[in-house]
Amino acid sequence: MRRFNRWPKLQLLHDLRAVALSCKSALPRIAKLAEQDDISAVEAILISSLDNPCLGLPSDNRYEEAQRALLIAAYQVDEDTQASTFAIAFLLADVFNGQSGFGSMDQGWSDLNVFIRTLPAPRRVVFLRAYLRLHQQYIRILENPPLENEFEISSPEKILGPLREIVRKMSKVEMTAISLADFGLDEKEHLVALKQVLADPLCKFPEDDRWYPAEVIQLIGHTPGTGAFEKCTALLIIDDIIHNVKWGQMCFRWSRNAPDYLMLSDSVREPILRGIRYIYETQAHGSWDPYFDWPDSKIEKYAVAIPYFDKY
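Residues numbered from 1 in each chain as written. Predicted model: local features only at pLDDT ≥ 70, side-chain atom pairs only at ≥ 80, totals over all residues. Heavy atoms only, no water.

### Re the pattern of salt bridges
The tally for this structure, following the rule as stated, stands at 13 salt bridges. The partner of Asp266 in a salt bridge is Arg269, with the nearest N and O atoms 2.8 Å apart. Of this pair, Asp266 and Arg269 both sit in helix H14 (residues 266–282), separated by three residues, roughly a single helical turn. The exposure class assigned to Asp266 is exposed, which follows from its relative accessible area of 62%. Taking relative accessible area as the criterion, Arg269 reaches 26% and is therefore assigned partly exposed. (Salt bridge = Lys/Arg side-chain N within 4 Å of Asp/Glu carboxyl O. Helix = DSSP H or I, 4+ residues; strand = E, 2+ residues; numbered from the N terminus. Buried < 20%, exposed > 50% of the residue type's maximum accessible area, 1.4 Å probe, protein only.)

Quick look at the structure:
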């Protein structure tokens, strides 16, 4: 059985909850699928469960009432797409929280995979990742399981364009500061190479000798609060996307700087977070793990999930 660390599971549960929240308007309709006497209780259970970062249904005697309503909603793919999407997210999270979920041998995959593959890309990819994880962990063996190449949800250029806009606003003062980042060593070489990267239509680092200017860009990318931090971060994301994470620039940085990325100004925060999200989603399932060397107790307390974007 393939082992997954704690953070990829928490990220997956975060994303399932985000999909459910995007369909929250369907919650009252789902509650009405319960027995008449249970409608209010089921609605209250679903509302409170949405507040749980792991989207966990209660394991007490109220569980079956809520699960029954969700199961009915999940299969109403032709009548109420929002309700079905909400219910699938809940029931998949239920499986990863150690409960019965769909209760079927393949957790509804054989009946629902056609519908899932018609969903908008961000929601579709979250569900496909969840089912692939079930399959890879041998929790359930699926016929025709999701394929890794189904996980790309946006063209690279849609992600790279806004990042390049951030980078090209770099001032001469910031360029000079970046070139001095390695204690002033090789300042001129770094500055020349940095200007060449900024002049390149793709903002691409040199292929042969990356040291100039990668070293100083990486150093500033480790230093939140410096003037060019967000611009160097954008350059490192661009480099990861262009080279398919050959150097893994952003994985380590997410484990150190995630709270700082979430606090960036409005103009740069979303492009940077979308770039990091793109890197995560296009890597082999479970392989991009910023917290792989953290103990579970530390992950539970301090690890940060990458934000989900419902539209591209």
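### A few points about the nonpolar core
Counting residues in each nonpolar core, the largest one holds 56 residues, and the members touching the most others are Phe86 and Phe127. Mapped onto this core, the elements with two or more residues apiece are helix H1 (6–22), helix H2 (27–31), helix H3 (39–50), helix H4 (63–74), helix H5 (81–96), helix H6 (109–116) and helix H7 (121–136). When residues of this core are assigned to their parent elements, the largest contribution, eleven residues, is made by H5. Setting aside its immediate chain neighbours within four residues, Phe86 contacts Ala20, Cys23, Lys24, Leu27, Ile30, Leu46, Leu50 and Leu70. The next biggest cluster of nonpolar side chains, apart from the first, holds 50 residues, and it includes Leu191, Val245, Val268 and Trp294. (Core = buried A, V, L, I, M, F, W, Y, C linked by side-chain atoms within 4.5 Å. Contact = heavy atoms within 4.5 Å.)

### Some remarks on the side chain of Thr85
Among the structural elements, Thr85 can be located in helix H5. A polar side-chain atom of Thr85 sits 2.8 Å from the main-chain carbonyl oxygen of Thr81. Those residues in contact with Thr85, other than ones at most four positions away along the chain, are Val19, Cys23, Phe115, Leu119, Arg123 and Phe127. (Polar contact = N/O pair within 3.5 Å; in protein donor to acceptor, adjacent residues only side chain to side chain.)

### Describing the layout of surface pockets
Considering only enclosed or pocket space, the largest pocket measures out at about 200 Å³ in volume. Forming the boundary of the largest pocket are Trp7, Leu10, His14, Arg17, Pro53, Cys54, Ile299, Glu300, Ala303, Val304 and Ala305. The biggest single contributor to the lining of the largest pocket is H1, with four residues. Grouping the constituent residues of the lining of the largest pocket by class yields eight nonpolar, one polar and two charged. (1 Å grid on protein atoms, 1.4 Å probe; cavity = no way out; pocket = protein on both sides within 12 Å on 5 of 7 lines; lining within 4 Å. Points joined across faces, edges and corners; volume = space filled by probe spheres on them. Nonpolar A, V, L, I, M, F, W, Y, C, P; charged D, E, K, R; others polar.)

These values are about where atoms sit, not about what they do.
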